[in-house]
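# Coordinate analysis (summary)
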There are 6 protein chains.
Amino acid sequence: MPKKIVAFGEVMMRLQVPGYELLAQADTLKYSFSGTGVNVASAMTKLGHDGYLVTKLPNNPLGDAAISFLQRLGIGRDFISRGGKYLGMYFLENGFGQRASRVTYTNRLESSFNKAGVSDYNLDLIAEQGDIIHFCGITLAMTDQVRETMKILAKKVKEKGGIVCFDCNYRPSLWDGGYEQAKPHYEDMLGLADIVMMNEKDAMYILGMETKESSREEQLKDLIPKVAKRFGIQTIAGTHRAINSDNTHSLKGYMYKNESFVFSRNLSFSVYDRIGAGDAYTSGILHGELAGFPAEKTVQFAAAAGMLACTIVGDTPMSTETEILSAMAGTIEDIKR
Amino acid sequence: MPKKIVAFGEVMMRLQVPGYELLAQADTLKYSFSGTGVNVASAMTKLGHDGYLVTKLPNNPLGDAAISFLQRLGIGRDFISRGGKYLGMYFLENGFGQRASRVTYTNRLESSFNKAGVSDYNLDLIAEQGDIIHFCGITLAMTDQVRETMKILAKKVKEKGGIVCFDCNYRPSLWDGGYEQAKPHYEDMLGLADIVMMNEKDAMYILGMETKESSREEQLKDLIPKVAKRFGIQTIAGTHRAINSDNTHSLKGYMYKNESFVFSRNLSFSVYDRIGAGDAYTSGILHGELAGFPAEKTVQFAAAAGMLACTIVGDTPMSTETEILSAMAGTIEDIKR
Amino acid sequence: MPKKIVAFGEVMMRLQVPGYELLAQADTLKYSFSGTGVNVASAMTKLGHDGYLVTKLPNNPLGDAAISFLQRLGIGRDFISRGGKYLGMYFLENGFGQRASRVTYTNRLESSFNKAGVSDYNLDLIAEQGDIIHFCGITLAMTDQVRETMKILAKKVKEKGGIVCFDCNYRPSLWDGGYEQAKPHYEDMLGLADIVMMNEKDAMYILGMETKESSREEQLKDLIPKVAKRFGIQTIAGTHRAINSDNTHSLKGYMYKNESFVFSRNLSFSVYDRIGAGDAYTSGILHGELAGFPAEKTVQFAAAAGMLACTIVGDTPMSTETEILSAMAGTIEDIKR
Amino acid sequence: MPKKIVAFGEVMMRLQVPGYELLAQADTLKYSFSGTGVNVASAMTKLGHDGYLVTKLPNNPLGDAAISFLQRLGIGRDFISRGGKYLGMYFLENGFGQRASRVTYTNRLESSFNKAGVSDYNLDLIAEQGDIIHFCGITLAMTDQVRETMKILAKKVKEKGGIVCFDCNYRPSLWDGGYEQAKPHYEDMLGLADIVMMNEKDAMYILGMETKESSREEQLKDLIPKVAKRFGIQTIAGTHRAINSDNTHSLKGYMYKNESFVFSRNLSFSVYDRIGAGDAYTSGILHGELAGFPAEKTVQFAAAAGMLACTIVGDTPMSTETEILSAMAGTIEDIKR
Amino acid sequence: MPKKIVAFGEVMMRLQVPGYELLAQADTLKYSFSGTGVNVASAMTKLGHDGYLVTKLPNNPLGDAAISFLQRLGIGRDFISRGGKYLGMYFLENGFGQRASRVTYTNRLESSFNKAGVSDYNLDLIAEQGDIIHFCGITLAMTDQVRETMKILAKKVKEKGGIVCFDCNYRPSLWDGGYEQAKPHYEDMLGLADIVMMNEKDAMYILGMETKESSREEQLKDLIPKVAKRFGIQTIAGTHRAINSDNTHSLKGYMYKNESFVFSRNLSFSVYDRIGAGDAYTSGILHGELAGFPAEKTVQFAAAAGMLACTIVGDTPMSTETEILSAMAGTIEDIKR
Amino acid sequence: MPKKIVAFGEVMMRLQVPGYELLAQADTLKYSFSGTGVNVASAMTKLGHDGYLVTKLPNNPLGDAAISFLQRLGIGRDFISRGGKYLGMYFLENGFGQRASRVTYTNRLESSFNKAGVSDYNLDLIAEQGDIIHFCGITLAMTDQVRETMKILAKKVKEKGGIVCFDCNYRPSLWDGGYEQAKPHYEDMLGLADIVMMNEKDAMYILGMETKESSREEQLKDLIPKVAKRFGIQTIAGTHRAINSDNTHSLKGYMYKNESFVFSRNLSFSVYDRIGAGDAYTSGILHGELAGFPAEKTVQFAAAAGMLACTIVGDTPMSTETEILSAMAGTIEDIKR
């Protein structure tokens, strides 16, 4: 029986220069629509669940295009509100080797989503129907109305017995007031969450917690149990990622649950498009929990999901459970005939 | 000896779905940069002058791309200011037959240009160097700073002996307060202008002038001399355009100067991209005046320039004097080998 | 309150050479997925209802791509069965002027849909949930299992109080046995249908009915009431279409209901892609009926929907109620800003 | 039993801007390879014969690409010589409406073909194997070596009993010395030819013949019999073409044989790419003669072939006998399913 | 003097998603036509011989496109039969890193080729004209008629003094009955063949031969001489291939002739499209034999040909003898100016 | 205050097959315009100076396109002469792995630039306005007129107090008479130059100088001071480059000035398009000198500029001072948001 996974978040239009030209050299863009919520809702749909997005989109051809794109991914349109004027956008120029990729944003704070408030959504219906609701720190960095809506929706879901998932996902450029401004909002959300995506850096920088450990893994082992205890969080999970000298990336996942840690293998792999890997990992954790996988399998599954998301064009994970399990098994065939 | 033609105006990014798909069907866009000022400066450059644009663009990859595009057209970068955060954009879906084209705007009022004021430009230098300065009613509809800059620059140019050209170009959707709000600003600009692009509708609706005539041409003949007299305008010119039942368009130009009217033939032609035809007409008038063409030749030349602009991909006129004169002569060859 | 419109039919992969090259000249194809059922379900979704498709698709990347495409159109995946091996395909080369378009099919009878039978679908659930069920004569021309499924499903829907719509859509190339083979199956479906799409030719050729009239319109007026009476059909509708000498197409719609005829104006228009116009007309009739439009408005609305479908890229209608009403009003703007 | 049709001529690389952009606006080109000889050899292959080209191509990647392209058309590579340094090229910008298409050439006289002479080809083998050999006035305008090769080859073919076809195809821009320079070479070729493509203008301007008639058709009827008699030509054929005010083109073919004229209907049609229509007409005449069609059918067939060539992308005719006969019959279907 | 190389086999349409998108993400395909026979006939043509294909293609636009594509490669159309209804197709989605490529087939057994039998080809003419005839194990896995045609044709060629080449090329997914079903057919073909492409695995699995050796090379050295002896085969050749951990591929070729083995160096290289490398190797062996290369040069040449085929877009080898000899010499220049 | 950098040189049209297909496989080309002078003028413009090109271009659509492209790069059109007939072109097929890239030229010696002489340019004006003038050994290899123009212009610039920069850039294929023919011309230019780009190989092969050292670096240290002394050159700079076994490239820059050497770090990096790296290095040296960087910073900056040019699509460097300084600092971010 598929579960209803509801993600709350903004839909951004991604306008990407194909190949490796700069915006000043090219004249063509590929567009798609994405966002953390989109990625999670889509990934969960590919894993056999029914993904929904709670968002607001303008009632114009750009909004129509966004909805078509979300539907293509299998995301349900039931909780999408229409109205407002604009859609957030970003332009992406691909880097190559020593030249970094560049992202240029339009005025995101004027978007339909960031101008929307509690009355724009049927929060009670959403809370009633959703089995899991997913929130993210990027959304938390937006406007006061957005933050208010997040907290109210989280509470309503919790009251109805749904699971609240919160991905810390701190982006320095989005908080004018820095960690100080962010901290109380993060504390509110952590207090409402059942499953949290974070690592030791979030604990140290956002929550201001201290540790005497110096290695990342030891810091993690020191701090995460304290966070879980302080906020009463059932499950905390996250990743450590690195870029290797041969241009491959590495990803190692962890999950803390029932007062114990499990870690995935440290995976190394070539990357086509690294955006969305974290959301794939989150989806792997959620799916493992819903499917009742043992913790070791869940974290391995989530890490493989994150790895495969890096081999897919665009932000949004597209892999099925079968494909992820096959990647976990590690028998990579040359061509599947 | 080429003249320096300086246009003041906003640069918009045009994002067009190729072919006839809707945004909800496609995944690719072609982009270019345009605006009335861009079109006039480019057209004058193709006609052998040196075109410049006075505008402000963000100091990011989108601004760089805009400048590359303007330079490609031969427009000088000397008077372009950098800074601010955003670039105005519009999305264009091509119509077909009974289905109209659709334009969707982003938040244009937040653009670098519309946030800029007098101190963002070296107005004295511009006034000193420009032989002709071109303004447009679209720009006049923007913010108070923009309007202030327009008027100060027009005055400075006038003081230095330059020619001020103003294209009325009234766009209802841009004036929240309607004609009432627009009127005093238009009166200010008309009072400063030497050459004005307008027709009888502008006189009736913006300026509130009345006429007893009922045909468009008679209204024109009644009102335009009154406008010229009231505001002390040397030359007024404009067009009457129509879409014919066989999908061709018609264009007939006029010019009022030295208290007499000249009219072009009524041209009928197929249209590839009709945006920019008015700016091509304006450029034809300016070029005819600078080149000392007889009035009949100037208006014929301007009409042919407007017609050819409709056969060119994109907003921006690309025709040379030779090509326009050849189109005036009307001997259309099949293939030029 | 949106209605559930369920269409039963095959999904075909359309592989089209872009532009006007032949398959023997090009090396690129654009692909999409279509079919009468797809078109009707999609069109009804655009009109504000919830469209569903009852079909079977292979459990492979082609089937996944088809589902993604259907979802993009807003069609629900709930009644789509997976399995079997193949997907029907056709290649389309665009004609130009005196050179006709060409369609080349793959082996359609081996498709998952045409190999499927009653047990492949949850017919009871479908019958329970659907407000309208749509069938088509193309599907009726396929295999015995397909025909059996159609008839059983139509009966179940009828029992549950749903509306059965049947589009005669006779394709000579699909019936090896000609009209003789087709007739009994058509009679069965007409006996089960509440709303039927057909015209006088279907009555004469498929049903073998005779008339002394010679004009198409008189034949229609003679025969359609007899068909309605004989099969107890509530509403019959259809179109007369023609290609004019100036390459425009003409379409005139009719509807027979409550023993009286209404006709639309005869619309003439340029055509971008004429496939799908009939399905748009059908959807217009269904929407008019559901919305309680007066008969005159329904038939005018349906004709305008058919016209607009000819201006859209691909087989599938994409117009909203607002857009169709605006086209009915006939005020075609040049560019919608 | 298919005949061997051998065309002698240059292969040009055609580099075309896609769509309607200028070279100064675009950054992409489509390339193909063409020439009168290519067109005739290809058209005859599509009509069921074996087409060959006698030409010389550089032994580099451009020459390889040209040969691949010719082979794709079904033209045999047996008589193609390799060597020299360059390939003639032309750039094509598509016109639109009142804006004419533009062609820009590279230095064609330095091409492998135009630098080649008699010793570069196995003329005896070609003469022995060819049933028909085709020459053209464009080639005749090139270098002295090329002209020498043409005349020697024509003589050898004639001695072996093959048919010599010569298409006058006079291009003013290619003859520095004008008609005076061209005349003796044309007379040589006419003296060697069995089938000639020309019309009254060639007789008047190249051969300097005079007539008292004033209409084109009367001039034709006066002069062509005199040409046939003077040079002992078995068959003369050609076309009158016009561009109509509604942008359609008209074509009317004629053939003079056994001292009598036959004319085709005057066909009017939309044009996609008009280059190559004359070569298609020539091929229709040759095929009609080889197939033993009655004169009326031959000229009708040739005219229909010319018309269809205008609906095909690129210079080269692609229509089969069946398709041309179907176009002659005039029953244009909308879509061939 | 070029030799006639005739390959017997099916032509498949390859429909590939450009870049790295899935079919469910993209909307464009690149198509080409390939197959083992196509690859060998094309490769031999590039090496200076005349390649022919014996196959059957439908008489429709897809068949025309296939023939155009084969001709482009320089393959002669003389032995291609037309008729039947369908063309086998496969869709290819490119993998990236840890995500494997995926191939999806249409119903290949219904293709014109697989429905064809002995009477569809002029086997006597083919046998008379071909110097070498090439068969492959993929074709052997198809239908009974196909197998019968293969064996009759092989016998006829042998009788006429031609060389029979057979590439074992066992594909498990194509034999429902597994090795047991395949064995007698392979034995028949091996009994007719002069040159065989295989390695130790074919001997062990298809022929059921046993060896006590454990390394691949020792198994090869043990078994291949036995195969040669048992079936009276003059020359046996093949490769060992591996995918290295740094994503490069390795290839080492061998040839057994006159009772002795020669091996190529073990080449390591980056791969663009690995399909067709085996056919390039086969062609290298055939060319070496025809050209009278010493065995060491032949096997080195074949290995280099296989390596270069992996750097070419599409299935089909495109390298000339000069290019392969240059790659053997190993002096890779950066850019050839 | 930006400096005027004037480069003298030919503009070539670059026609590149996209992706990895051969010209014989593809049908599309991307075009751009480049040349050493273009690259240096563009790079200096990106670094904040005003770049100009002294060249001659045909007065046709190809010349227009070239100028548009140069303008897009920000290069001034003031010193570009129009006339002559042709533009030099080269076709580029990308290599992959063991398959080298291939370049095929058209007849470059007939180009407008190579046919132009002293009277085609306003050399006095150029000499008066330019702060730096750049010449290159490729241009020196062209025609006598071109060489004469180079030397006269260099002298005039020197007289006016401008800086003469000469890049040796010896291309063996362009000198029919080899080093012997080249030597006197190189000596002339070295005698006129203030800044020279070269390394020890140029000294040994072009100038015929001898050294007893065997390592490249020792040879450089031995010979370059002698060259500087003999020709009175203020600054000599250049690079040593290598292709590593893992397909990365290495670049190490040097500069000799005030009788002492400075060397950059040896940079290793992935390469997208290596053409233009040398010109980026030159521009880095010129910019460092103009900006008054210490020698160590200049050579490091130039090396980083050369490295970044290898990550950019096309021949022409596009990096700003900020980007190059950031690459020098070596902190490569993954994505710049």
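Quick caveat, the model's predicted, so the values are computed rather than measured.

Another point: the overall build of chain A. Per the secondary structure count, chain A includes 12 helices and 15 strands. In terms of C-alpha radius of gyration, chain A reaches 19 Å, essentially the compact-globule figure of 20 Å for 337 residues. With the principal axes as the frame, chain A shows a C-alpha extent of 50 × 50 × 45 Å. Across the 337 residues of chain A, 64% fall into the buried class. Taking as baseline every contact in chain A between residues at least 6 positions apart, the subset at least 24 positions apart corresponds to 68%. When the accessible surface of chain A is totalled, it reaches about 12200 Å², and 46% of it is carbon and sulfur. Charged side chains in chain A number 37 positive and 39 negative. The centres of these two groups are separated by 1 Å.

A word on the relation of the copies chain B and chain A. Of the two same-sequence chains, chain B is brought onto chain A (RMSD 0.0 Å, axial shift 0.0 Å) by a rotation of 180°. Those values place the two copies in the arrangement expected of a two-fold rotation axis. Taking the C-alpha atom as reference, chain B places B:Leu29 closest to the rotation axis, 2.5 Å from it. Most of the interface of chain B is mirrored in chain A, where 100% of its interface residues are also at the interface.

For the rest of this paragraph, the subject is helix H7 (residues 178-192) of chain F. Here H7(F) is 15 residues long and its end C-alpha atoms lie 22 Å apart, about the 21 Å a rise of 1.5 Å per residue gives. Buried residues of H7(F): F:Ala182, F:His185, F:Tyr186, F:Met189, F:Leu190 and F:Leu192, and no others.

Further remarks concern the pattern of salt bridges. Here the idea is simple: oppositely charged side chains can pair when their charged atoms come close. Overall, the coordinates contain 132 salt bridges over all chains when judged by the stated rule. A salt bridge links A:Lys252 to A:Glu217; its shortest N-O distance comes to 3.6 Å. Here A:Lys252 is found in strand E12 (residues 249-257), whereas its partner A:Glu217 is found in helix H9 (residues 216-231), with 35 residues between them in sequence. For E:Asp64, the salt bridge identified is with E:Arg82, shortest N-O distance 2.7 Å. Pair noted here: E:Asp64 is in helix H2 (residues 61-72) and E:Arg82 is in strand E5 (residues 80-82), with a separation of 18 residues, a long-range link.

Quick look at helix H1 (residues 36-46) of chain F now. H1(F) sits mainly inside the fold: 10 of its 11 residues count as buried. Listed in full, the buried residues belonging to H1(F) are F:Thr36, F:Gly37, F:Val38, F:Asn39, F:Val40, F:Ala41, F:Ser42, F:Ala43, F:Met44 and F:Thr45.

Moving on, we get to the environment of F:Asp124. Residues and elements named next belong to chain F. Within the secondary structure, Asp-124 is located in helix H4 (residues 123-129). Given the relative accessible area of 44%, Asp-124 is considered partly exposed. A polar atom in the side chain of Asp-124 sits 2.8 Å from the side chain of Lys-156.

The next thing to look at is the pairing of strand E1 (residues 4-8) of chain C. Residues in a regular strand project their side chains so that they alternate between the two faces of the sheet. Residue and element names in this part refer to chain C. Along E1, 4 of the 5 residues are buried, which leaves the element largely enclosed by surrounding structure. Across 3 bridges, the pairing between E1 and strand E8 (residues 132-136) is parallel. The residue of E8 that forms the bridge with Ile-5 is Ile-132.

What follows is about the nonpolar core. Residues A:Met13, B:Met13, C:Met13 and E:Met13 are the most contacted members of the largest nonpolar core, which totals 120 residues. One finds D:Leu70, D:Ile80, F:Leu23 and F:Ala24 within the second-largest nonpolar core, a separate group that totals 60 residues.

Let us look at the interface of chain B and chain A. Across the boundary between the two partners, chain B contributes 27 residues, which contact 27 residues of chain A. The largest contributions to the chain B side of the interface with chain A come from B:Asp27, B:Tyr31 and B:Pro61, which together make up 25% of the buried area. Across the chain B-chain A interface, the total number found is 2 salt bridges. Measuring nitrogen to oxygen at the nearest pair gives 3.3 Å for the salt bridge that ties B:Lys30 to A:Asp27. Where chain B meets chain A, there are 11 residue pairs in polar contact (both at pLDDT 80 or more). Counting only elements with at least two residues in the side of chain B that touches chain A, the list comes to strand E2 (12-16), strand E3 (28-34), helix H2 (61-72), strand E6 (88-93) and strand E7 (101-105) of chain B. Its residues assigned to classes, the side of chain B that touches chain A shows 15 nonpolar, 6 polar and 6 charged. With 3 bridges joining them, strand E3 (residues 28-34) of chain A and E3(B) adopt antiparallel strand pairing. Each residue of the ladder has a partner; that of A:Leu29, found in E3(B), is B:Leu29.

Now for the UniProt feature "domain: Carbohydrate kinase PfkB" (unreviewed entry) in chain A. Look at the UniProt record and you will see "domain: Carbohydrate kinase PfkB" (unreviewed entry) annotated at residues 3-317 of chain A. Overall, residues 3-317 of chain A shows 39% helix and 24% strand. The separation of its end C-alpha atoms is 18 Å.

Residue and element names in this part refer to chain B. When you tally the buried positions in E3, you get 5 out of 7 residues, the bulk of the element. Sheet topology places E2 next to E3; 5 bridges connect them, and they run antiparallel. Among the inter-strand pairings, Leu-15 is bridged to a residue of E3, identified as Tyr-31.

Overall, the predicted model of chain A reaches an average pLDDT of 95, with 98% of residues at or above 70. The ipTM value of the predicted complex is 0.92, and its pTM value is 0.93.

A few words on the side chain of E:Lys56. All names here are of chain E. Looking at the secondary structure, you find Lys-56 in strand E4 (residues 50-57). On the basis of relative accessibility, which here comes to 12%, the residue Lys-56 falls in the buried class. A distance of 2.7 Å separates a polar atom in the side chain of Lys-56 from a polar atom in the side chain of Asp-120. Discounting chain neighbours no more than four positions away, the residues touching Lys-56 are Ser-81, Arg-82, Gly-83, Gly-84, Ser-112, Phe-113, Ala-116, Asp-120 and Tyr-121.

Parameters at a glance
- Residues numbered from 1 in each chain as written.
- Chains lettered and ligands numbered in written order.
- Predicted model: local features only at pLDDT ≥ 70, side-chain atom pairs only at ≥ 80, totals over all residues.
- Heavy atoms only, no water.
- Helix = DSSP H or I, 4+ residues; strand = E, 2+ residues; numbered from the N terminus.
- Rg over C-alpha atoms; globule rule 2.2 N^0.38 Å.
- Buried < 20%, exposed > 50% of the residue type's maximum accessible area, 1.4 Å probe, protein only.
- Contact = heavy atoms within 4.5 Å.
- Areas by Shrake-Rupley, 256 points an atom, 1.4 Å probe, with all protein chains shown as cover.
- Lys, Arg positive; Asp, Glu negative; His and termini not counted.
- Charge placed at Lys NZ, Arg CZ, Asp CG, Glu CD.
- Least-squares fit on C-alpha atoms with pLDDT ≥ 70 in both.
- Expected span 1.5 Å × (residues − 1).
- Salt bridge = Lys/Arg side-chain N within 4 Å of Asp/Glu carboxyl O.
- Polar contact = N/O pair within 3.5 Å; in protein donor to acceptor, adjacent residues only side chain to side chain.
- Pairing = 2+ DSSP bridges.
- Core = buried A, V, L, I, M, F, W, Y, C linked by side-chain atoms within 4.5 Å.
- Buried area = accessible area lost by both parts, 1.4 Å probe.
- Nonpolar A, V, L, I, M, F, W, Y, C, P; charged D, E, K, R; others polar.
- UniProt positions renumbered as here; feature names shortened; annotations may be inferred.
- pLDDT = per-residue confidence, 0-100.

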